[in-house]
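Residues per chain, in single letters:
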Amino acid sequence: MLFRTLKRMIERGHTAGILDKLDIFYSADKLTEAQYAELLGMIHGEE
């Protein structure tokens, strides 16, 4: 559920501070490595 919410936020362009959030969720084992990589790819693809 967290992954889908973060993905939706990125798709809608709500990326302010999202990198910090992704790092925190990944380090707290709330995201898998694959999910983390996909979300980072989405963010870097937008830039």
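See above for the structure.
Residues numbered from 1 in each chain as written. Predicted model: local features only at pLDDT ≥ 70, side-chain atom pairs only at ≥ 80, totals over all residues. Heavy atoms only, no water.

S.K.: Give me the lowdown on the overall build of the chain, citing residues and values where you can.
M.R.: A tally of regular secondary structure across the chain gives three helices and zero strands. Ordering the α and β elements of the chain from the N terminus gives α-α-α. Counting only C-alpha atoms, the chain reaches 25 × 15 × 15 Å along its principal axes. Within the chain, buried positions represent 21% of all 47 residues. Considering only intrachain contacts with a sequence separation of at least 6, the fraction spanning at least 24 residues in the chain is 53%. Accessible surface, the chain: about 3,400 Å² in total, of which carbon and sulfur atoms supply 54%. (Helix = DSSP H or I, 4+ residues; strand = E, 2+ residues; numbered from the N terminus. Buried < 20%, exposed > 50% of the residue type's maximum accessible area, 1.4 Å probe, protein only. Contact = heavy atoms within 4.5 Å. Areas by Shrake-Rupley, 256 points an atom, 1.4 Å probe, with all protein chains shown as cover.)

Purely geometric stuff here, so don't read any function into it on its own.
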